[in-house]
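If you want the building blocks of each chain, they are given just below.
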Amino acid sequence: MEFADYFPIWDKLTAAQQDQIAGAVIRQTEKKGALIHNGSLDCTGLLLIKSGQLRAYILSDEGREITVYRLLDRDICLFSASCMFRNVQFDIMIEAEKDTQLWIIPPGVYRQLMEESTAVSNYTNELMVSRFSEIMWLIEQIMWKSFDKRLAAFLLNEAALEKTNRLKITHEIIGNHLGSAREVVTRMLRYFQNEGIVKLTRGTVEVTDPARLQALAES
């Protein structure tokens, strides 16, 4: 399957627009751990994921990370081309969490399509609203949910993504996702272990009682 099969509004483009975007996209393979977009220093272009997994995160002045959202198969990232949008200044970092195949749509080409096509413009606005909704949800979680609930929800989400309850992940990486210090994560995971909810081994967190973890996340 090629770009046309993955781009969600391909059929709404004219033949000339299809030729324009097909001739401009760059197909790229990124290894796990690669930094694909470096905040306001880059205007990479839109990212369309063919396969793999990317992580979008923000970085504080003190160097603390927090995950904003993940990008999976067929997802599109707009904020990697935020230079296209007036009054949108969002310093987001994007890295590959798994080996990833993707297409990069150059920002100039996409901007022209937005100006020419109502379908592209409407789709872009819908996608932007969806992403900002995710960011607002994250802010609400940080402001109003206690850390134990956020950690429980994160572990459940990771188990769903990886399709296993045995997660190969360090306390430091969990802290990076949640915007918390490693020591805070370690203390809470040890509490979970004492409660029989998880089992900890070096580099691994195993969810042993998903039902209790779910109840905690939703409480």
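Residues numbered from 1 in each chain as written. Predicted model: local features only at pLDDT ≥ 70, side-chain atom pairs only at ≥ 80, totals over all residues. Heavy atoms only, no water.

**Student:** Any details on the sheet that holds strand β5 (residues 65–71)? Residues and values, ideally.
**Tutor:** Spatial strand order, β2-β7-β4-β5: 4 strands in an open sheet with antiparallel pairing. Where the open sheet ends on each side, the last strands, each with one partner, are β2 (35–38) and β5. In this sheet, adjacent strand axes meet at a mean angle of 20° when their direction is disregarded. Looking at chain direction, β2 and strand β7 (residues 93–96) are connected through 3 bridges and run antiparallel. Residue pairing across strands places L35 opposite E95, the latter belonging to β7. (Pairing = 2+ DSSP bridges. Helix = DSSP H or I, 4+ residues; strand = E, 2+ residues; numbered from the N terminus. Axes fitted to C-alpha atoms, helices over the stretch in contact; angles between N-to-C directions.)

**Student:** Which residues make up the state of the cysteines, and what are the values?
**Tutor:** Applying the stated criterion to the full structure yields 0 disulfides. For C77, which is in no disulfide, the shortest distance to another cysteine sulfur is to C43 and amounts to 11 Å. (Disulfide = S-S within 2.5 Å.)

**Student:** Pulling in residues and values, what's your account of helix α8 (residues 210–218)?
**Tutor:** Among the residues of α8, L213, L216 and A217 are the ones counted as buried. Looking straight down α8, one finds that the buried residues subtend no more than 100° of arc, so they occupy a single side. Those residues of α8 that are exposed and angled more than 90 degrees off the buried face are A211 and E218. At its buried positions, α8 is contacted by α5 (147–162), α7 (182–194) and β11 (204–207). (Buried < 20%, exposed > 50% of the residue type's maximum accessible area, 1.4 Å probe, protein only. Arc of directions from axis to C-beta. Contact = heavy atoms within 4.5 Å.)

**Student:** Tell me about the pattern of salt bridges, and name the residues and values.
**Tutor:** Going through the model one piece at a time under the given rule, you end up with 9 salt bridges. Across the pair R55 and E65 runs a salt bridge whose closest N-O atoms are separated by 3.0 Å. Taken together, the positions of R55 in strand β4 (residues 54–59) and E65 in strand β5 put the pair 10 residues apart, joining distant regions of the chain. In terms of burial, R55 and E65 fall into one category: buried. One salt bridge in this structure joins E162 and K98, with 3.5 Å as the shortest N-O distance. One end of the pair, E162, is in helix α5; the other, K98, is in the loop between β7 and β8 (100–105), with 64 residues separating them in the sequence. (Salt bridge = Lys/Arg side-chain N within 4 Å of Asp/Glu carboxyl O.)

**Student:** Describe the side chain of H37, and please don't skip the residues or the numbers.
**Tutor:** Inspection of the secondary structure puts H37 in strand β2. A distance of 3.1 Å separates a polar side-chain atom of H37 from the backbone oxygen of G39. Each residue touching H37, except ones within four places of it in the same chain, is listed here: D42, C43, T44, F79, S80, I92, M93 and I94. (Polar contact = N/O pair within 3.5 Å; in protein donor to acceptor, adjacent residues only side chain to side chain.)

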